[in-house]
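Structural overview
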Amino acid sequence: MRYISWALRILLFLLLFGFALKNTDPVVVRFSLGSQWEAPLALVVLVFFGVGAVAGVVACLTYVYRQRHDILQLRKEARAKPTAPEDAR
């Protein structure tokens, strides 16, 4: 299984490397207020993919943080409640 994993990683790397080599034409990205950035297409795609991935991770982390906070609150409430004695049979 380890060899298959490495083979897939190498294949993915080669595909992305080939994409980067084929897309070296410069492109201009225009931002607001007249600023612009000129870079190879592969670099622009990589940068915007990275920014999107980071934004997605940050969005997920806020959700996870909120869940952890709720879990801690529920644990505190569970500890504070006295347990009722079970029915004696």
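Because the structure is a prediction, the values reported are computed rather than measured.

**Some words on the overall build of the protein**
In terms of helices and strands, the protein carries two helices and two strands. Going residue by residue from the N terminus, the α and β elements of the protein occur as α-β-β-α. The C-alpha radius of gyration computed for the protein amounts to 26 Å, which surpasses the reference 12 Å derived for 89 residues by more than 25%, pointing to a less compact arrangement than a globule. For the C-alpha atoms alone, the extent of the protein along its principal axes is close to 80 × 50 × 10 Å. The burial tally for the protein puts 6% of its 89 residues in the buried class. Within the protein, contacts between residues separated by at least 24 positions form 0% of all contacts whose residues are at least 6 apart in sequence.

**With respect to the packing of aromatic side chains**
Under the criterion given, the structure shown has one aromatic pair. Measuring from ring centre to ring centre gives 5.8 Å for Phe13 and Phe17, while their planes differ by 15°; the resulting arrangement is stacked. With Phe13 and Phe17 both in helix α1 (residues 2-22) and four residues apart, the pair spans about one turn of that helix. Look at Phe17 and you get partly exposed, because its relative accessible area is 44%. For the cation-ring pair, Arg2 lies above Tyr3, with the distance from its terminal atom to the ring centre recorded as 5.7 Å. For the cation-ring pair, Arg9 lies above Trp6, with the distance from its terminal atom to the ring centre recorded as 4.9 Å.

What counts, and where the lines are drawn
Residues numbered from 1 in each chain as written. Predicted model: local features only at pLDDT ≥ 70, side-chain atom pairs only at ≥ 80, totals over all residues. Heavy atoms only, no water. Helix = DSSP H or I, 4+ residues; strand = E, 2+ residues; numbered from the N terminus. Rg over C-alpha atoms; globule rule 2.2 N^0.38 Å. Buried < 20%, exposed > 50% of the residue type's maximum accessible area, 1.4 Å probe, protein only. Contact = heavy atoms within 4.5 Å. Phe/Tyr/Trp six-rings, centres within 6.5 Å; stacked < 30°, edge-to-face > 60°. Lys NZ or Arg CZ within 6 Å of the ring centre and 35° of its normal.

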